[in-house]
Amino acid sequence: MQRKKLIVVGNGMAGIKCVEEILKIAPEHLDITIFGAEAFPNYNRILLSKVLQGEHALQDIILNDWSWYKRHGIRLLAGQPVRHIDAKRRFVETASGLRATYDALILATGSSPFIPPIPGTDKEGVISFRTIDDCERMSEMSKSYRKAAVIGGGLLGLEAARGLLHLGMETQVVHNAPYIMNRQLDRVAADMLQRELESQGMQFYLAKNTTRITGRTRAQGLRFMDGTRLDADVVVLAVGIRPNIELAQRSGILTRRAIVVDDFMRTSDPNIFAVGECAEHRGVSYGLVAPLYEQGRVLARVICGHETEPYNGSIPSSQLKISGVDVFSAGVISGEGVETAVQNYDAVCGTYKKVTMHNGKIAGAILFGDTAEGAALLGFVERGAAVAELLPRERAASPAEAAAEALPDHETVCACNRVSKAAIIHAITDHDLTSAEEVKVHTKASASCGGCRPMVVGIVQYMQSSKTTDKPQKQKAVGTPAEAPICDCTVHGHSSMKQTITDAVNQGCRTIPDIMSQLGWKKAGGCTICLPVIRFYLEMAGVVNDEERIAARKAQSHVFYADQSYYQGVRIRIDDGEASEPVAAGIQRIGERLRISWQDVTLPYPVSAGVSYGTGSPIGILVQGIGISASPAGWEVYLGGHAEHPVREGQLIGVAEQEEDIVRLVSACLQWYRQNSFYDEPLWAWVERTDVLAIREIVLDDDMQRELAEKLSRRSLKAYAG
């Protein structure tokens, strides 16, 4: 049977992925010819930055060498760009006049760098960053010139800038937005990334609009809209990509921003298909490798005449490819109706995690410093998982291992090559693999963009720890008090005592002697250690003896932070620094109101709070147990900060517009802490043990918030009156 002729225009990652899938399905079905504009075999374009940074040689990023084409009987015409398609007679023609006929044609023409309409982009010394040739030109320029400017603070611009630093050039990044990677990150993550890159030598000029590249015939610098200038010998343009659609346009194929395709990657001509960056599906064209590979898999089955599920679009995800800097972003991180579900910032460890939600579903994620959870969070975003799935799990021996253990076996780890956790586990087990590099060889996981490598490492660690025990041991959550006896008077630890006291109260016990008798106290009357514990748990169970509490305070000569005393009253700091008059007045009103209402509230551990105009205030809102900060949206509440060892950053709990609302919210937070913590458990430790998401679900519920705040208010008024 005569084989059908397939022509692929484009030798990049999307087109060749489709060919690889075709070879898996029907290796003898088609006579394949590939035209490539570049004089190279198929290579991993997204790792060009690693070549520029000196981490890979050119040979390291070749995906399929010359022998691969020969081995599979594929005719590769490298360095032969196609200039014309005759759709009626079904042939293509190259710039050199070479013709080839087809039964099916795949357009995988990719994209080109977008050249902004700035005067001077045609000058010598101005270059884009897209191909192997671009890398070689930048390397040559670095031998003669010292100062470079990169226009564009997105993924590509930062990766190019890091490569220029490696080449020994003084490198300045110019970006028209107020912070870098503004499409993928929020301000917190972007600022963390900027500080890290500045420590490596990068310089930044943000919120700058370039109006001209200066110099007569060769680039000498940039001029900005605000009148300022920047000197530069080399200017790199990295402001985006433009789909290569000219060939399709000349051939009468429907195009908009890119080549329009349906769910099976067909263009307006039934014999012509498009895949990759040049394709526009449901109004979207993708510039990331995972969506392009998903398209290629669907198209391969269509070309081979097999039934297939349609391509329904992809969730965008990205990972910065700079050595020593781990940044991950996926899905929707801002916009109308998008709210924060999880936000953890650890300034000491240099890590940040934010998960967004929309209508109760996980919508997006940002990770900085530790991206091991990237694959798991991407899976949540892709299937629109409920926010409840983010509830805390017990931690494993390391963050990467914890993420690996929590990831379901069926979830995809490597989106580029569609490798699941189960496939990686089977490979590790079957071949006794001990490293992520070995896993890559056997499964291709992390072989493309490398974004899933932290998860692959975590799975390897998890499997290795599983070998040492029948069941991987799980660590107790940070901050959970050990179940050692509270003191020599009893065998009970905090958890069992709290529950036992609650049960005893339900059975009619109302006094400390009753509790000691019920719990079999060893020492009559107890001691200075256990008495405050019993008294506090009794109060949380609903029994309050104000006369006894006052007597206890007098007997102990209570001081605010006395070591085994009856902890009472929140220490509140009110910022009297610079702020607009309305904000300053609001700070004073909120602070004084909380000071009065919280001054006699009993606590499991001393609590500090602060009210200020912003997180940069000298009183350190983010290292207070409860932090209240003015913001454009009203007032923000942070919970669980700690200024001493171990230093902890407060986590954002919620935002309220009115002063009354913010007082109710922080009161609900304080009361929820009182009810659910253990005695002598610091607020920061309770937050880590409980998890911010679980706390939010309670205190942001209107009914629960009101109930908790009223309960605290009643207790405060009663204590104040006593």
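Here the structure is shown first, and the text comes after it.
Residues numbered from 1 in each chain as written. Predicted model: local features only at pLDDT ≥ 70, side-chain atom pairs only at ≥ 80, totals over all residues. Heavy atoms only, no water.

## Focus: the overall build of the protein chain
Thought 1: Helices and strands together make up the secondary structure of the protein chain, namely 22 helices and 34 strands.
Thought 2: Counting every position in the protein chain, which comprises 722 residues, the buried fraction comes to 53%.
Thought 3: For the protein chain, the share of sequence-separated contacts (at least 6 apart) that also reach a separation of at least 24 residues comes to 61%.
Thought 4: Total accessible area computed for the protein chain in this model is approximately 32,100 Å², and 49% of it derives from carbon and sulfur atoms. (Helix = DSSP H or I, 4+ residues; strand = E, 2+ residues; numbered from the N terminus. Buried < 20%, exposed > 50% of the residue type's maximum accessible area, 1.4 Å probe, protein only. Contact = heavy atoms within 4.5 Å. Areas by Shrake-Rupley, 256 points an atom, 1.4 Å probe, with all protein chains shown as cover.)

## Side note on the packing of aromatic side chains
Thought 1: Applying the stated criterion across every chain yields a total of nine aromatic pairs.
Thought 2: Each ring, one from Trp68 and one from Tyr69, has its centre 5.0 Å from the other, and the planes form 85°; the classification is edge-to-face. For the residue pair Trp68 and Tyr69, the accessibility class agrees, reading buried in each case.
Thought 3: Aromatic side chains Tyr345 and Tyr352 sit 6.2 Å apart centroid to centroid with 80° between the ring planes, which places their arrangement in the edge-to-face category.
Thought 4: You can call Tyr352 buried: its relative accessible area is 2%.
Thought 5: Put simply, the rings of Phe536, Tyr537, Tyr567, Tyr605 and Tyr679 pair up and form one aromatic cluster.
Thought 6: When the ring centre of Tyr293 is taken as origin, the NZ or CZ atom of Lys17, which lies over that ring, is 4.7 Å away. (Phe/Tyr/Trp six-rings, centres within 6.5 Å; stacked < 30°, edge-to-face > 60°. Lys NZ or Arg CZ within 6 Å of the ring centre and 35° of its normal.)

## Quick look at the pattern of salt bridges
Any two side chains of opposite charge can pair, given that their charged atoms come close.
Thought 1: Across all of its chains, the model carries 25 salt bridges by this definition.
Thought 2: When the shortest N-O distance is used, the salt bridge between Asp86 and Arg89 registers 3.0 Å.
Thought 3: Residue Arg89 is classed as exposed on the basis of its relative accessible area of 58%.
Thought 4: With a closest N to O distance of 3.0 Å, Lys440 and Glu437 form a salt bridge. Of the two residues, Lys440 and Glu437 are both situated in helix H12 (residues 436–443); the distance of three residues between them amounts to about one turn of the helix. (Salt bridge = Lys/Arg side-chain N within 4 Å of Asp/Glu carboxyl O.)

## A look at the sheet that holds strand S16 (residues 221–224)
Thought 1: Read from one edge of the open sheet, three strands run S15-S16-S17, paired in antiparallel fashion. Every other strand in the sheet has two partners, leaving strand S15 (210–214) and strand S17 (229–231) as the edge strands with one partner each. Each adjacent strand pair in this sheet contributes to an overall mean axis angle of 20°, direction not counted. (Pairing = 2+ DSSP bridges. Axes fitted to C-alpha atoms, helices over the stretch in contact; angles between N-to-C directions.)

## Some thoughts on the state of the cysteines
Thought 1: As enumerated under the stated definition, the model contains zero disulfides in all.
Thought 2: For Cys527, which is in no disulfide, the shortest distance to another cysteine sulfur is to Cys489 and amounts to 3.7 Å. (Disulfide = S-S within 2.5 Å.)

## Quick word on unusual backbone geometry
A negative phi holds for most residues other than glycine; trans holds for most peptide bonds.
Thought 1: Non-glycine residue Asp680 carries a positive phi angle of around 70°.
Thought 2: Turning to its location among the elements, Asp680 is positioned in the loop between helix H19 (659–676) and helix H20 (683–690).
Thought 3: For Asp691, which is not glycine, the phi dihedral falls at a positive 85°.
Thought 4: Positionally, Asp691 belongs in the loop between H20 and helix H21 (692–699).

## Re the nonpolar core
Thought 1: Counting residues in hydrophobic clusters, the biggest one holds 61 residues, and the most contacted among them are Met497, Ile501, Ile534, Trp598, Ile626, Leu639 and Ile662.
Thought 2: Excluding residues within four positions of it along the chain, Met497 makes contact with Ile486, Thr490, His492, Leu519, Trp521, Val533, Ile534 and Tyr537.
Thought 3: Core analysis: the second largest hydrophobic core is formed by 53 residues, Leu76, Val82, Ala274 and Val302 among them. (Core = buried A, V, L, I, M, F, W, Y, C linked by side-chain atoms within 4.5 Å.)

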